[in-house]
Amino acid sequence: MCGIIGYVGKSNATGILLKGLKSLEYRGYDSAGIAVFNDSAQSDVKKCKGRVEALCEIAKNLNSNAGIGHTRWATHGMVNDANSHPHKFNRVTVVHNGIIENYESIRDTLGVSNELKSQTDSEVVAALIDSCYNGDEKQAIISAAKRLTGTYALAVMFDGNPNSIYAVRNVSPIVCCKNDDGAYIASDIMAIGEYSSEYFVLPEFSVAQINENGFEIESFAGEEIIPKNLKLDWDIRSAGKCGYPFYMEKEIAEQPSVIRKTIEKRIVNGIPEFTVDGVDDGVLANCSRIIVVACGTAMHAGLVGKSLIEKICEIQVDVCMASEFIYGTPIINDDTLVICVSQSGETVDTLEALKLAKSKGASTLSIVNVIGSSIARESDYVVYTSAGPEIAVASTKAYSAQCTVFYLITARLALIKGTLNVEGVKSFVRELCEIPDKVQAVIDRREEIHRLSSSLLLADNVFMIGRGIDYPVLLEASLKLKEISYIHSEAFASGELKHGTIALITEKTPVISLLTQKNVASKQASNVNEVRSRGANVISIARKSLCSGKINCEFSLPESADEFSVLPAVTALQLVAYYVSSDKGLDVDKPRNLAKVVTVE
């Protein structure tokens, strides 16, 4: 949550900072601000409640070669101008991503309560750095950082030194790059990737001094650090909307190519391999139990993985919410494989769960989208989804890529464990390779889905029912509808609805039924009749071959073997959520109260 950016160089910092903040708005858009050095070498702060567009109006006349910026997802204090970043305290100006847990005790120790202008933990950090400053800027930051409890990515300016900015981090990310025009830092390569195809991640507990020539980095112990450069693996130009009204629609449309790319790079002679990822077969061969740890959409992909692996590989899989995993007592043995799933690779709950799993002796494999991210660096093994930039807060193509990786893991694991022979694995892969075309077939019929979605526009509540692997698909579909349309939605394993929640089904209540599994078709038909007899308005999405007189088919899915309907089905349901939100006139890409990257607990 929150996005930070900094620049020192030969160009006007204001334009670079504002452009970068627009790229970072998916991390938070409650308020925005920048600070640049003026002619007197003092920081000039402009900030306001609302989107970056509002900031552009009040900051457009600033002219400087160095500065820092911030777009906020509120954690401490109301959404208002005063709580917006940057925060300046005497000689020090700060932007912050993270949460400082001991800020109140620091504030009281410093005795600055009456001097603070905001309710934030971040302004206390500025005051702390100022109190530690005795002429050595790096040492002031190090001394202050050692007193902080919590997570932080900080960009810092000192009045009187207009040629440098500083950065320091713990957990929360900072990436860095440079070119002939200057040096750049940001929370995400999205904001600065256009300036260089190479970047590095600032190491934790080190301080970077940034000037127009680049970076001087040293550890808290004073040792020089030479960072390792990473290569940007996607074209920054692909991050635009490309004519679509919203990023979400564009990203839904990109799913066939993302799924195809994820599959093709890992298939050798019809068999899935992970040599391109450096994943040794031993990590799969030696596991007798798998724990998937993730949050939100990534957890729903893990539930799909659970269904596939348990059915085809006959291995127990538990799926755990990362936010609960770290506060429980997980049972982990040497033969446990923990798979962590995160689009950004920076989800703090998942990162902490990963660290706990490693401390208990588990092997760890992570499925992430961002090279060099914190979770990727912490894991024993990494499978990169290579979905490219996903800008809409509501995840679509990242989810599809994660599910695709689980299909590949299932096939490889089945071969290793002997639950499928070589021909069985090849048959599985052939079915998998047909999925992109079937997803495209759903996208090509999006106007049919648009018409179906119109019946949900005035709904206060929507229920979704399905059995088997359809249930985790509906959990993801329900989340999509909730987060971008603000309609209360719940997904149920169909047989569970009658154990209480059917009391909420009244005349015209919308119920979405999903049916892709042959062995539960008759049971699903009975559950549909149960809600229809209470007056529900049932929208059935199903493989046409499974429909009968008991289940009408308002939208028919392409024919597939049972396990392979997940991605065509979820694509149809993503489009339902998208059209409901856009037809209601909402900001599809930036739903209220949400941020794309969750770097706070």
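Presented here is a report on the structure given in the accompanying data block. (Residues numbered from 1 in each chain as written. Predicted model: local features only at pLDDT ≥ 70, side-chain atom pairs only at ≥ 80, totals over all residues. Heavy atoms only, no water.)

1. What about the overall build of the protein chain?
If you tally the helices and strands in the protein chain, you get 18 helices and 26 strands. Oriented by its inertia axes, the alpha-carbon framework of the protein chain measures out at about 80 × 55 × 45 Å. Within the protein chain, buried positions represent 60% of all 601 residues. Contacts in the protein chain between residues at least 24 apart in sequence constitute 73% of all its contacts with a sequence separation of at least 6. Here the protein chain has roughly 22,100 Å² of accessible surface; of this, 47% comes from carbon and sulfur atoms. (Helix = DSSP H or I, 4+ residues; strand = E, 2+ residues; numbered from the N terminus. Buried < 20%, exposed > 50% of the residue type's maximum accessible area, 1.4 Å probe, protein only. Contact = heavy atoms within 4.5 Å. Areas by Shrake-Rupley, 256 points an atom, 1.4 Å probe, with all protein chains shown as cover.)

2. Some thoughts on the nonpolar core
Membership of the largest hydrophobic core comes to 91 residues, with the highest contact counts inside it found for Ile290, Ile309 and Ile339. Ranked by the residues each element gives to this core, the list is headed by helix H18 (residues 566-583), at 12 residues. Discounting residues that sit within four places of it in the chain, Ile339 has contacts with Ile290, Ile291, Val292, Val293, Leu365, Ile367 and Phe406. (Core = buried A, V, L, I, M, F, W, Y, C linked by side-chain atoms within 4.5 Å.)

3. Notes on the pairing of strand E7 (residues 150-158)
A regular strand carries its side chains on alternate faces of the sheet. In terms of residue burial, E7 counts as a mostly covered element, since 9 of its 9 residues are buried. Covered by surrounding structure in E7 are Gly150, Tyr152, Leu154, Val156 and Phe158 together with Thr151, Ala153, Ala155 and Met157, the residues of both alternating faces. The sheet contact formed by E7 and strand E8 (residues 165-170) spans 5 bridges and is antiparallel. Along E8, the bridge assignment pairs Tyr152 with Asn170. Linking E7 to E8, which pair antiparallel, is a turn of 6 residues; within it Gly160 sits at a positive phi near 95 degrees. (Pairing = 2+ DSSP bridges.)

4. Some details on the packing of aromatic side chains
Aromatic ring pairs are defined here through the distance separating the ring centres and the angle between the ring planes. Evaluation of the coordinates by the stated rule reveals 12 aromatic pairs. Measuring from centroid to centroid gives 5.6 Å for Phe158 and Tyr166, while their planes differ by 90 degrees, and the two rings are edge-to-face. With respect to burial, Phe158 and Tyr166 carry one shared label: buried. Ring-pair connections join several aromatic residues into one group, and the members of that group are Tyr7, Tyr184 and Tyr195. Across from the ring centre of Tyr486, 3.8 Å away, lies the NZ or CZ of Arg592, which sits over that ring. (Phe/Tyr/Trp six-rings, centres within 6.5 Å; stacked < 30°, edge-to-face > 60°. Lys NZ or Arg CZ within 6 Å of the ring centre and 35° of its normal.)

5. Digging into the sheet that holds E7
The 6 strands are arranged E5-E6-E7-E8-E12-E13 in an open sheet whose pairing can be described as antiparallel. The sheet terminates laterally at strand E5 (87-89) and strand E13 (214-219), the two strands that pair on one side only. Neighbouring strand axes in the sheet, compared pairwise and without regard to direction, differ in orientation by 25 degrees on average. Contacts from helix H4 (residues 121-132) reach E5, strand E6 (92-100) and E7, with the element oriented near 130 degrees to E6. Those strands touched by helix H5 (residues 137-145) are E7, E8, strand E12 (206-211) and E13, and its axis lies near 160 degrees from that of E7. (Axes fitted to C-alpha atoms, helices over the stretch in contact; angles between N-to-C directions.)

6. Description of the packing of H4 against H5
The packing of two helices is summarised by the inter-axis angle and the distance between the axes. Contact geometry for H4 and H5: axes closest at 8 Å, N-to-C directions at 125 degrees. Between H4 and H5, the interaxial angle falls into the category oblique. The hand of the H4/H5 crossing is right-handed. In contact with Leu128, Ile129 and Cys132 of H4, H5 contributes Ala140, Ile141, Ser143 and Ala144. In terms of residue class, the contact of H4 with H5 is made up of 6 nonpolar, 1 polar and no charged. (Parallel < 35°, antiparallel > 145°, perpendicular 65-115°, else oblique. Left-handed = near helix turned anticlockwise from the far one by under 90°. Nonpolar A, V, L, I, M, F, W, Y, C, P; charged D, E, K, R; others polar.)

7. Topic: the packing of helix H13 (residues 397-417) against H18
Orientation of H13 relative to H18, taken along the N-to-C sense of each, is 170 degrees, at an axis distance of 11 Å. The angle between H13 and H18 places the two elements in the roughly antiparallel class. Between H13, through Tyr399, Ser400, Cys403, Thr404 and Tyr407, and H18, the contact on the second element is made entirely by Val566, Leu567, Val570 and Gln574. Its residues placed into classes, the contact of H13 with H18 shows 6 nonpolar, 3 polar and no charged.

8. Things to note about the pattern of salt bridges
Where charged atoms of side chains with opposite charge meet at close range, the side chains can pair. Throughout the structure, instances matching the rule amount to 26 salt bridges. Here Asp130 makes a salt bridge to Arg91, at a shortest N to O gap of 3.0 Å. Pair noted here: Asp130 is in helix H4 and Arg91 is in the loop between E5 and E6, with a separation of 39 residues, a long-range link. Residue Asp130 is classed as buried on the basis of its relative accessible area of 7%. For Asp277, the salt bridge goes to Arg266, with nearest N and O atoms at 2.8 Å. One end of the pair, Asp277, is in the loop between strand E16 (271-272) and helix H8 (281-285); the other, Arg266, is in the loop between helix H7 (255-264) and strand E15 (267-268), and 11 residues separate them in sequence. A relative accessible area of 17% places Asp277 in the buried class. Arg266 gets classed as buried once you look at its relative accessible area, which sits at 1%. Residues participating in the shared-partner salt-bridge network are Lys250, Glu254 and Lys397. (Salt bridge = Lys/Arg side-chain N within 4 Å of Asp/Glu carboxyl O.)

9. Here we look at the sheet that holds strand E20 (residues 363-368)
The pairing of strands in a sheet comes from backbone hydrogen bonds and takes either a parallel or an antiparallel form. Strand order in the open sheet made by the 5 strands is E18-E17-E19-E20-E21, with parallel pairing throughout. Both edges of this open sheet fall to strand E18 (316-321) and strand E21 (381-384), since each of them pairs with a single strand only. Neighbour-to-neighbour, the strand axes of the sheet open up by a mean angle of 20 degrees, direction not taken into account. Bridging between E20 and E21 involves 4 bridges; their strand directions are parallel.

10. Focus: helix H16 (residues 470-485)
Over its 16 residues, H16 extends 22 Å from the first C-alpha to the last, a length consistent with the 22 Å expected when each residue adds 1.5 Å. The buried fraction of H16 is high, at 13 of 16 residues. In the segment just after H16, Tyr486 is the residue with positive phi, at about 65 degrees. (Expected span 1.5 Å × (residues − 1).)

11. Focus on the side chain of Ser485
When you line up the elements, Ser485 lands in helix H16. Polar side-chain contacts of Ser485 include one of 2.5 Å to the backbone oxygen of Leu481. Beyond its immediate sequence surroundings of up to four residues, Ser485 is in contact with Val580, Ser581, Lys584 and Leu586. (Polar contact = N/O pair within 3.5 Å; in protein donor to acceptor, adjacent residues only side chain to side chain.)

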